[in-house]
Amino acid sequence: MDMWKFQYRRMAEGRWSTAIFVATALSFIWSEQSLAAGSCTFSGAGSETFTFPSPISVPRDNAASMTPLSGWVTGAAVTNLYACTSNNGTRVGIGIKFPTLAQAGTYSEGGLNYKVFNTNVPGIGIVYGFRLYATGPYCGQQGGLNGWSGWLAASGNPYSSADCYSDNATVTNSSFGAQMQVRLIKTGKVAAGTMPSFTLNYTAQDIDGAFSTSVGSKNYLINPVSFQALGCTAEGADVILDTARKADFASATSIRTKPFQFTLRNCPAGMNSIKYQLDPIGTIISATDGTFQNASGTDMAKGVGLRITNETNTAPIRFGDSSYVVSNYNTASGSSSLPIKMNVSYYRTGTAAQVTGGKVRGTAQLTLFYL
């Protein structure tokens, strides 16, 4: 209400003046209102470590990609990583942080497309699957999760999450958990080496879509893994051709054929196949005919080179061709000894009249591909 008060005050001149003061009494009405709120506590272990069998043997030259190098390694199914309270529509839950590793490609299995992340070892990638757990009074509403989800693959978003809503002023309690599984994937040729331990991803609390590790988080760690490149021990041989005369080249371009072989020993199991390529150390006359020049020097024959053919001497060994397959390799048990048989002969490079006496010498190099 408004109150009026009159005050009279005498002025110096002896006259009276009147001053009016107005005071207003205001009344305030307070209404009680509950604000939305949510908070979580962390009660899980700070880390979980995944260990792959080690060493893992890989064919050295196999360039196939997006194929498994290991089985799945599955972690613990933990249901109480975060305990959260919320009211008035606050959304609380758990998030899995997407890795910061570079992506190498995708791997598909069981209807899921997994993102393959590079490790620090060339040719080695890693994928992970996860499932999330939520339980509480309102966790199943609005399409939310109540219990365990199915196995999921990394989404590519910064976080993958599950959460629960509260829909009234009553404080509700919810629990959240997670389970992880990981697998190594071949992304290309693998060199021998060791992949050091690293953190793949981690958990965070989720309150209304804001993720935080301030109350605690669980790191998912990968233990070191060593890789060994599969291969054989190769043995060569010296070949001594029989002596030839200039007249022997009058009616033939290839003479004095002699068999020889390379030998592969202690070839381990686990490779799909072994292939080889032959190349001369010297000047090639014809790669498709398997012929190359004699070594140079004052005592070397002229007009004569060498020719290399297959085991039955029915076709040339094509230089630079890596499609030749080593026969009889046993991928399941390995092989202790594998011969690679060939033939070598003198080869006339021009006319018979151009042939001069002297030595004939050549070297060929065998390159193996373990696939």
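This report concerns the structure included in the present document. (Residues numbered from 1 in each chain as written. Predicted model: local features only at pLDDT ≥ 70, side-chain atom pairs only at ≥ 80, totals over all residues. Heavy atoms only, no water.)

## Brief notes about the environment of Val360
- With respect to the helices, strands and loops of the structure, Val360 is situated in the loop between β29 (335-348) and β30 (364-370).
- Look at Val360 and you get partly exposed, because its relative accessible area is 26%.
- Taking the C-alpha atoms as reference points, Val360 and Val304, separated by 56 residues in sequence, lie 7.3 Å from one another. (Helix = DSSP H or I, 4+ residues; strand = E, 2+ residues; numbered from the N terminus. Buried < 20%, exposed > 50% of the residue type's maximum accessible area, 1.4 Å probe, protein only.)

## Observations concerning the environment of Ile207
- Tracing the backbone through its elements, the reader meets Ile207 in strand β18 (residues 198-207).
- The spacing of Ile207 and Cys84 is 123 residues in sequence and 9.2 Å in space, taken between C-alpha atoms.
- If we ignore the near neighbours within four places in the chain, the residues touching Ile207 are Gly38, Ser39, Cys40, Thr90, Arg91 and Val92. (Contact = heavy atoms within 4.5 Å.)

## Examining the sheet that holds β29
- Taken together, the six strands give an open sheet; going across it, the order is β22-β23-β29-β27-β26-β25, and neighbouring strands pair in antiparallel fashion. Because the sheet does not close on itself, it has two edges, and the strands there are β22 (233-235) and β25 (284-286). Shown here is a sheet whose adjacent strand axes are inclined to one another by a mean of 30°, direction ignored.
- For β22 and strand β23 (residues 254-267), the ladder comprises three bridges, and the chain directions are antiparallel. (Pairing = 2+ DSSP bridges. Axes fitted to C-alpha atoms, helices over the stretch in contact; angles between N-to-C directions.)

## A word on the packing of aromatic side chains
- For the coordinates displayed, the defined rule picks out 12 aromatic pairs.
- Measuring from centroid to centroid gives 6.3 Å for Phe117 and Tyr128, while their planes differ by 20°, and the two rings are stacked. Linking Phe117 in strand β11 (residues 112-118) with Tyr128 in strand β12 (residues 124-135), this pair joins segments that are 11 residues apart in sequence. For the pair formed by Phe117 and Tyr128, the shared burial category is buried.
- Each ring, one from Phe292 and one from Phe319, has its centre 5.9 Å from the other, and the planes form 70°; the classification is edge-to-face. One end of the pair, Phe292, is in strand β26 (residues 291-293); the other, Phe319, is in the loop between β27 (304-309) and β28 (324-325), and 27 residues separate them in sequence.
- Residue Phe292 is classed as buried on the basis of its relative accessible area, which comes to 2%.
- With a relative accessible area of 7%, Phe319 lands in the buried category.
- Aromatic rings pair up to connect Phe98, Phe117, Tyr128 and Phe130 into one cluster.
- Sitting above the plane of the Tyr159 ring, Lys97 keeps its charged end 5.8 Å from the centroid.
- Directly above the aromatic system of Trp148 lies the positively charged group of Arg131, at a separation of 4.2 Å from the ring centroid. (Phe/Tyr/Trp six-rings, centres within 6.5 Å; stacked < 30°, edge-to-face > 60°. Lys NZ or Arg CZ within 6 Å of the ring centre and 35° of its normal.)

## Examining the nonpolar core
- Within the largest apolar cluster, 41 residues are counted, with the highest numbers of intra-cluster contacts made by Ile126, Tyr128, Val182, Leu184, Met195, Ile222 and Phe227.
- Here the element with the most residues in this core is β12; it accounts for six residues. (Core = buried A, V, L, I, M, F, W, Y, C linked by side-chain atoms within 4.5 Å.)

## A word on the state of the cysteines
- Inspection of the entire model under this criterion finds three disulfides.
- The residue that forms a disulfide with Cys139 is Cys164, at a sulfur-sulfur distance of 2.1 Å. Across the S-S bond of Cys139 and Cys164 the torsion is about 110°, and the bridge reads as right-handed. Of this pair, Cys139 sits in the loop between β12 and β13 (147-148) while Cys164 sits in strand β15 (residues 159-165); the two residues are 25 residues apart in sequence, bridging distant segments of the chain. There is no split in this pair, since Cys139 and Cys164 are both buried.
- Between the sulfur of Cys232 and that of Cys267 lies a disulfide, 2.1 Å long from S to S. Residues Cys232 and Cys267 are joined by a disulfide whose S-S torsion is about 125°; by sign, that bridge is right-handed. A residue pair is termed long-range when its members are at least 10 positions apart, and Cys232 in the loop between β21 (225-230) and β22 and Cys267 in strand β23 qualify at 35 residues. As far as the burial class goes, Cys232 and Cys267 line up, both buried. (Disulfide = S-S within 2.5 Å.)

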